[in-house]
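# Understanding the architecture of this molecule
What follows is the residue order along each chain.
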Amino acid sequence: MSVTIWHNPRCSKSRQTLELLRERCIEPEVVEYLKTPPTAAELERVLRLLDLEPRQLMRTKEAAYKAAALDDPELTRAALIEAMVEHPVLIERPVVIANGKAAVGRPPEKVLQILE
C-alpha cells in the first residue's frame with residue numbers, strides 16, 4: 001500500500017499522525033509540503049478525494065489568507081487553489097493519501113479510516 005503524508009514537522013497534529021502511521025508499521029512517503037508544495041493538479045485531485053471545496057482545506061486564520069483577501073466570495077476555485085500553491089502555509093495539515101482516498105489528520109485517528 002502506498003501512503004503519502006503532506007507533513008509539517010513543526011505541527012503537533014502532523015507529528016502525531018506520522019507517529020500513528022509508523023505505529024501501524026506504515027512508512028509513508030513524507031512530503032514536507034512547505035518545502036515542496038503540491039501542484040494545482042495535485043491539490044485538485046486531493047480536494048476531490050476529500051470531497052472538499054478549496055476553502056475547506058485552507059487555514060483561514062493564517063496571515064497569508066487575510067493578506068491575499070482570500071475570503072472574497074468572487075474568487076474562483078482555480079484562484080483559491082493557486083493561492084494554496086503559492087502559499088502552502090494555507091493548506092490544512094496533515095493530509096494523508098492512501099488507497100485512492102485522502103483524509104485530514106484532525107484528529108490524527110481520522111486517517112485510519114482510509115487505511116482499511
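Residues numbered from 1 in each chain as written. Predicted model: local features only at pLDDT ≥ 70, side-chain atom pairs only at ≥ 80, totals over all residues. Heavy atoms only, no water.

Attention shifts here to the overall build of the protein. What the protein contains, in helices and strands, is 4 helices and 4 strands. Reading the helices (α) and strands (β) of the protein from amino to carboxyl end gives β-α-β-α-α-α-β-β. Relative to the globule expectation of 13 Å for 116 residues, the C-alpha radius of gyration of the protein, 14 Å, shows essentially globular dimensions. Seen along its three principal axes, the alpha-carbon backbone of the protein occupies a region of about 45 × 25 × 20 Å. Evaluated residue by residue, the protein yields a buried proportion of 42% over its 116 residues. Within the protein, contacts between residues at least 6 apart in sequence are counted, and of these 62% link residues at least 24 apart. Of the roughly 6,500 Å² of accessible surface on the protein, 50% is carried by carbon and sulfur atoms. Each charge class in the protein can be summarised by its mean position, and for the 17 positive and 18 negative side chains these summaries are 5 Å apart. (Helix = DSSP H or I, 4+ residues; strand = E, 2+ residues; numbered from the N terminus. Rg over C-alpha atoms; globule rule 2.2 N^0.38 Å. Buried < 20%, exposed > 50% of the residue type's maximum accessible area, 1.4 Å probe, protein only. Contact = heavy atoms within 4.5 Å. Areas by Shrake-Rupley, 256 points an atom, 1.4 Å probe, with all protein chains shown as cover. Lys, Arg positive; Asp, Glu negative; His and termini not counted. Charge placed at Lys NZ, Arg CZ, Asp CG, Glu CD.)

Moving on to the environment of Ala-41. Here Ala-41 shows up in helix α2 (residues 40-50). Linking Ala-41 and Val-85, residues 44 residues apart in sequence, is a C-alpha distance of 9.9 Å.

Further remarks concern the environment of Glu-27. Tracing the chain through its elements places Glu-27 in the loop between α1 (12-23) and β2 (29-32). Using a relative accessible area of 54% as the deciding quantity, one classes Glu-27 as exposed. With 23 residues separating them along the chain, Glu-27 and Thr-4 place their C-alpha atoms 8.8 Å apart. Separated by 2.9 Å, the side chains of Glu-27 and Arg-22 make a polar contact. (Polar contact = N/O pair within 3.5 Å; in protein donor to acceptor, adjacent residues only side chain to side chain.)

Quick look at the side chain of Asn-8 now. Inspection of the secondary structure assignment puts Asn-8 in the loop between β1 (3-7) and α1. On the basis of relative accessibility, which here comes to 8%, the residue Asn-8 falls in the buried class. Contacts of Asn-8, omitting those with residues within four sequence positions, involve Ser-14, Tyr-33, Leu-34 and Arg-93.

Here the focus is unusual backbone geometry. The amide bond that connects Arg-93 to the next residue, Pro-94, takes the cis arrangement and shows omega of -15 degrees. Looking at where Pro-94 falls in the secondary structure, it is placed in the loop between α4 (77-86) and β3 (95-98). In this structure, the amide linkage connecting Arg-106 to the following residue, Pro-107, adopts the cis form with an omega of -5 degrees. The backbone of Asp-51 sits at a positive phi, close to 60 degrees, despite the residue not being glycine. The topology assignment puts Asp-51 in the loop between α2 and α3 (63-67). The exposed category is assigned to Asp-51, whose relative accessible area is 69%. Positive phi, normally seen in glycine, also occurs at Asn-99, with a value near 55 degrees. In this structure Asn-99 comes out as partly exposed when scored by relative accessible area, which is 39%.

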